[in-house]
Amino acid sequence: MRITIILILLFLSLVPSQAQSDEATKKVLSNVLIEYIQPRYLDLHRHAQKLASETEHLCNKPSASNLGVVQASFLSFTHSWAKIEWFRIGPVISKNRIERILFYPDRKSTGLKQVQRALALQDQTVTSLKSITQKSVAVQGLGALEFVLFGTGSETLQTDESSFRCSFAKAITQNMVEITKTLSDTWISESIASNYWLNPSAENPLFRNDQEALNVLMGTMIHGLEAIRDVRIGAFLKEEAKFDRPKSALMWRSENTAAMITKGLEGLLELFNVSAIETLLPEENNSLGDSTRFEFHQAIRTLNSLQKPIAGILTSESDRKQMEYLKLSVGYAMSRLDNDMSQQLGLSAGFSFGDGD
Amino acid sequence: MNKLELDRRAFLLGAGASLSASLLAKPAFAKLRNQDAVFASGFKSPDGNFGLALLSEDGELIQSYPLPARGHGIAANQNSNWAIIFARRPENFALAFDPKTHLKPVLFSTPADRHFYGHGAFSTDGRLLYASENDFENGVGKIGIYDAHSNFVRIGEFNSAGIGPHEIIMMPGGKTLCVANGGIKTHPQFPRTKLNLDSMRSSIVFIDAYSGSVIEVHQLPDNWSLLSLRHMATDQKGIVWIGGQYEGSAFDQAPLVAKVSMRTSLQFIDLPSKHNVCFKNYIGSVTINDKEGLVALSSPKGGQVLILDSQSGNVVKSHFTSGVCGLSPSQKSFIASSERGRFGNRNHDVNWDNHIGRLQ
């Protein structure tokens, strides 16, 4: 009787989602794994190793030039991270790895206060890999390291041999090495994660079928663009100039804000290009790939003229207008993906996308 | 008052003018009176506008109202003429509408330093409306209290005893509220960003509806701290069924379904893996058909509706359709809707929001 009653749910298909993958979609997923996920995480890990090694060298032989090397290496590592940070699937989501690499936004500067307190009190628990991983995520990653390398008092790194500050930096860089090694190792070929990625099936917790896989891929790009627009740009660019907040910008101390936005967009464009997801479009709509690329390029071109300190951008009327245009450009790229391409591919229209409601 | 607030108020005034022009037409009013059941749900139309729809049990559209932005949960009560649709976070409006008479809809809002989280519940007598809200500057959850007899003026608030209160229900007997604190901190400055995943902690809290005092707090074990308990429904015995959303890796199979009652600890329901995996770590709606002894849980991510026996917790049936989320008990079992336009056994050219409210 109960079963009969339940059959009143007429609209619900009684056939479970198809658990299969066609060759074209397989190729898209394989492209993403081999040409984006694996090389990007490997690049990140190598940058982390370089940064750790150079930081150790600085701690042993402090000098202005060695500090400059570490600062440059820090920027390179952050740029490598920016190119993969919006790919939020798998181990990077576990154990708060994302927050441990970069805790942002930090509305009330909780992380900054913790870092300043650790420096002021010479808290020894932030100077070893073992103990720093037990601390707040805000002192474990790039936000903390930026302050240590570029913030007030960072000039002491040029002169103080075995300084507390340098040991703090060293512990963070070692933490980055450990985390990025896990990320890189998890996605190597034939790993469980890679097999999940490549083989949608009924038992696969990642995707049961092609449509779910493409939804995740498209969602990665759309949500990445949305976060760049709303969180990274929106943090400092307000509706009116008088409400702008340059010190809420990511990595303003290292004058790295615009570069991080650029690298984030370049990373998402790279993901879009290597995936070749446009090959799945009906032939009459295959120009959608080019129009999407055009919007990405517009945004990146706009950023090329804005590679300068964020405070200066916000006080220059013309630069600020460019930044406003950038926000619109990112929105146009989102629209190409969300409204046009997703529709043509028969994917979710972004209405729910499962973001916590 | 800053510009943002001025803009918001101007916007609400404009929306109110539009709403007053959309009072129920007489044919629709008659149609509503002839229904066994009437359902309400928020939607997005193809032109990008948002609204609220009233539908019959077979999914026929009876009436719609415009909304200023996306609506989410519905609150209704047998002793009140009013039903409410709440804005989805981080918006701060709610619309009170009266499906039975020609009362003019009332659009009301939170104070400027709060926003709705999308759900609420009436007191048993229909006089008070409780709403889950965010005190976003302090990062704490609040239960806002509104007077349904006075144009939904806000008359007070109390703490939700957690962060990110989402669904809120009145327990049988009408003395106790049950609140699902999702545990996730958000701020309108970063509308959809989760700010505290490193330290989030979800809870189910029983609160005295009169005094606001906390009666019981049920927390998750440490190993599932990334599980956000968000949606729930209670049966007549006061057993609350809960659906969670997991913020950890998709590779993990989190326990997403639990039940709890006052003076009884929270208990996970051990679902067969083949069903649990189809939730894709995300349950978007929970409802109960008490008469049939059934619980239904849905996942728009996995396209699954899973129906459990409320006594044993055993799976009775699973169904699949793309983007399914809205659920409500119907006369004979459940009715469901999808973000792709399916409502009951009909298709509509809209995206339905995640929830259905049953109004009669």
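Just so we're clear, the structure is a prediction, and the values are computed from it rather than from any experiment.

Analysis parameters
Residues numbered from 1 in each chain as written. Chains lettered and ligands numbered in written order. Predicted model: local features only at pLDDT ≥ 70, side-chain atom pairs only at ≥ 80, totals over all residues. Heavy atoms only, no water. Helix = DSSP H or I, 4+ residues; strand = E, 2+ residues; numbered from the N terminus. Buried < 20%, exposed > 50% of the residue type's maximum accessible area, 1.4 Å probe, protein only. Contact = heavy atoms within 4.5 Å. Lys, Arg positive; Asp, Glu negative; His and termini not counted. Charge placed at Lys NZ, Arg CZ, Asp CG, Glu CD. Pairing = 2+ DSSP bridges. Axes fitted to C-alpha atoms, helices over the stretch in contact; angles between N-to-C directions. Phe/Tyr/Trp six-rings, centres within 6.5 Å; stacked < 30°, edge-to-face > 60°. Disulfide = S-S within 2.5 Å. Salt bridge = Lys/Arg side-chain N within 4 Å of Asp/Glu carboxyl O. Core = buried A, V, L, I, M, F, W, Y, C linked by side-chain atoms within 4.5 Å. Domains from an automatic or database assignment. Patch = residues over 30% accessible without salt bridge, like charges linked within 9 Å, V, L, I, M, F, W, Y side chains within 5 Å. Areas by Shrake-Rupley, 256 points an atom, 1.4 Å probe, with all protein chains shown as cover. Polar contact = N/O pair within 3.5 Å; in protein donor to acceptor, adjacent residues only side chain to side chain. Nonpolar A, V, L, I, M, F, W, Y, C, P; charged D, E, K, R; others polar. pLDDT = per-residue confidence, 0-100.

K.L.:
Any chance you could explain the overall build of chain A here in plain terms?
P.N.:
The number of helices and strands found in chain A is 14 helices and zero strands. The order of α-helices and β-strands along chain A, N terminus first, is α-α-α-α-α-α-α-α-α-α-α-α-α-α. By the burial criterion, 55% of the 357 residues in chain A qualify as buried. For chain A, long-range pairs separated by at least 24 residues make up 76% of all intrachain contacts whose partners lie at least 6 apart in sequence. A gap of 7 Å separates the mean positions of the 37 positive and 40 negative side-chain charges of chain A.

K.L.:
What am I meant to see in the sheet that holds strand β22 (residues 304-309) of chain B here?
P.N.:
Adjacent strands of a sheet form backbone hydrogen bonds with each other and so pair up, either parallel or antiparallel. Residue and element names in this part refer to chain B. A sheet is described by the order of its strands in space; here four strands give the open sequence β20-β21-β22-β23, paired in antiparallel fashion. Either end of the sheet is taken by a strand with one partner, and the two such strands are β20 (285-289) and β23 (315-320). The sheet shows a mean angle of 15 degrees between the axes of neighbouring strands, taken without regard to direction. The pairing of β22 with β23 spans five bridges and is antiparallel. Among the inter-strand pairings, valine 305 is bridged to a residue of β23, identified as histidine 319.

K.L.:
What should I look at first to understand the packing of aromatic side chains in this one?
P.N.:
Two aromatic rings are characterised by how far apart their centres lie and by the angle between their planes. One pass over the structure, following the stated rule, counts 21 aromatic pairs over all chains. Between tyrosine 36 of chain A and phenylalanine 87 of chain A the ring centres are 6.4 Å apart and the planes differ by 70 degrees, which places this aromatic pair in the edge-to-face class. Pair noted here: tyrosine 36 of chain A is in helix α2 (residues 23-60) and phenylalanine 87 of chain A is in the loop between α3 (64-82) and α4 (97-101), with a separation of 51 residues, a long-range link. This pair shows no difference in class: tyrosine 36 of chain A is buried, exactly as phenylalanine 87 of chain A is. Ring plane angle 70 degrees and centroid distance 5.3 Å describe the contact between tryptophan 197 of chain A and phenylalanine 207 of chain A, whose orientation is recorded as edge-to-face. Taken together, the residues span a long stretch of sequence, with tryptophan 197 of chain A in helix α9 (residues 192-198) and phenylalanine 207 of chain A in the loop between α9 and α10 (210-233) at a distance of 10 residues. Looking at tryptophan 197 of chain A, the relative accessible area reads 0%, which means it is buried. Look at phenylalanine 207 of chain A and you get buried, because its relative accessible area is 0%. By way of ring pairs, the aromatic residues Tyr36, Phe87, Trp187, Tyr196, Trp197 and Phe207 of chain A together with Phe251 of chain B are connected into one cluster.

K.L.:
I'm lost on unusual backbone geometry in this one. Help?
P.N.:
Residues other than glycine predominantly adopt negative phi, and peptide bonds predominantly adopt the trans conformation. For the peptide bond that leads from tyrosine 104 of chain A to proline 105 of chain A, omega is 0 degrees, which places it in the cis range. Position of proline 105 of chain A relative to the elements: it lies in the loop between α4 and α5 (110-121). Between arginine 89 of chain B and the following residue, proline 90 of chain B, the backbone shows a cis peptide bond with an omega angle of 5 degrees. With respect to the secondary-structure elements, proline 90 of chain B resides in the loop between β5 (83-87) and β6 (93-97). If you check the backbone angles, alanine 276 of chain A has positive phi at about 55 degrees while not being a glycine. Relative to the assigned elements, alanine 276 of chain A resides in the loop between α11 (257-275) and α12 (288-304). Residue classification places alanine 276 of chain A among the partly exposed positions, given a relative accessible area of 22%.

K.L.:
When you look at the state of the cysteines in this model, what are you seeing that I'm missing?
P.N.:
Note on terminology: a disulfide is the covalent bond linking the sulfur atoms of two cysteines. Going through the model one piece at a time under the given rule, you end up with one disulfide over all chains. Each disulfide pairs two cysteine sulfurs, and for cysteine 59 of chain A the partner residue is cysteine 166 of chain A, the sulfurs being separated by 2.1 Å. Where cysteine 59 of chain A bonds to cysteine 166 of chain A through sulfur, the torsion about that S-S bond is close to -95 degrees, and the disulfide is left-handed. Of this pair, cysteine 59 of chain A sits in helix α2 while cysteine 166 of chain A sits in helix α8 (residues 164-186), placing them 107 residues apart in sequence. Judged on exposure class, the residue cysteine 59 of chain A and its partner cysteine 166 of chain A are both buried. The thiol sulfur of cysteine 178 of chain B is not disulfide-bonded, and the nearest other cysteine sulfur, from cysteine 325 of chain B, lies at 19 Å. Given a relative accessible area of 0%, cysteine 178 of chain B falls into the buried group.

K.L.:
In this structure, what is going on with the sheet that holds strand β15 (residues 214-219) of chain B? I would like to understand it.
P.N.:
Residue and element names in this part refer to chain B. In spatial order, the strands read β12-β13-β14-β15; together these four strands make up an open sheet with antiparallel pairing. The open sheet has two free edges, formed respectively by β12 (165-170) and β15, since each of these has just one partner strand. For this sheet the average axis-to-axis angle between neighbouring strands, irrespective of direction, equals 15 degrees. Relative to strand β14 (residues 203-208), strand β13 (residues 176-181) runs antiparallel, the two sharing six bridges.

K.L.:
Would you mind showing me how to read the pattern of salt bridges here?
P.N.:
Where charged atoms from two side chains of opposite charge come close, those side chains can pair. Residues and elements named next belong to chain B. Taken as a whole and judged by the stated rule, the model has 33 salt bridges over all chains. Residue arginine 114 is joined to aspartate 113 by a salt bridge in which the shortest nitrogen-to-oxygen separation is 3.5 Å. Among the ionic contacts, a cluster of salt bridges with common partners joins Asp113, Arg114, Glu133, Asp135, Lys142, Arg154 and Glu157.

K.L.:
What's the story with the nonpolar core in this structure? I'm lost.
P.N.:
Note that soluble globular proteins tend to have their nonpolar side chains buried in a common cluster. One finds Phe168, Trp197 and Leu265 of chain A to be the most contacted residues of the largest nonpolar core, which totals 105 residues. Among the elements that line this core, the one with the most residues is α2 of chain A, at 13 residues. Here this core spans two domains, and each of domain 1 (23-195) and domain 2 (209-344) of chain A adds at least three residues to it. Grouped together as the second largest cluster of nonpolar side chains are 36 residues, Phe206, Ala254, Leu271 and Ile288 of chain B included.

K.L.:
Mind showing me how you'd approach a nonpolar patch on the surface here?
P.N.:
Taken together, the side chains of Tyr325, Leu328 and Tyr332 of chain A present a nonpolar region at the surface, about 270 Å² in accessible area. Relative to the helices and strands, tyrosine 325 of chain A resides in helix α14 (residues 317-344).

K.L.:
Is there a simple way to explain the domain arrangement of chain A in this structure?
P.N.:
Accessible area lost when the parts come together is the quantity often used to give the size of an interface. Residues and elements named next belong to chain A. As assigned here, chain A comprises domain 1 (23-195) and domain 2 (209-344). The C-alpha centroid of domain 2 is placed 23 Å from the C-alpha centroid of domain 1. If you look at the interface, domain 1 gives 28 residues, while domain 2 gives 35 residues. Our count for the domain 1 to domain 2 interface comes out at three salt bridges. The partner of glutamate 85 in a salt bridge is arginine 232, and the shortest N-O contact between them spans 2.8 Å. Between domain 1 and domain 2 we count 10 residue pairs in polar contact (both at pLDDT 80 or more) in total. Contributing elements (two or more residues each) for the side of domain 1 that touches domain 2: α2, α3 and α7 (142-150). It is α2 that contributes the most residues to the side of domain 1 that touches domain 2, nine residues altogether. Here the residues of the side of domain 1 that touches domain 2 sort into 18 nonpolar, five polar and five charged.

K.L.:
How do you make sense of the confidence of the model for chain B when you look at a structure like this?
P.N.:
Low-pLDDT portions of the prediction should not be read for the details of their coordinates. All names here are of chain B. The pLDDT averaged across chain B works out to 90; a share of 90% of its residues lies at or above 70. Ignoring residues within four places in sequence, the model shows residues 1-26, a span with pLDDT below 50, making 40 contacts including any to other chains. Scoring the predicted complex yields pTM 0.90 and, for the interface, ipTM 0.87.

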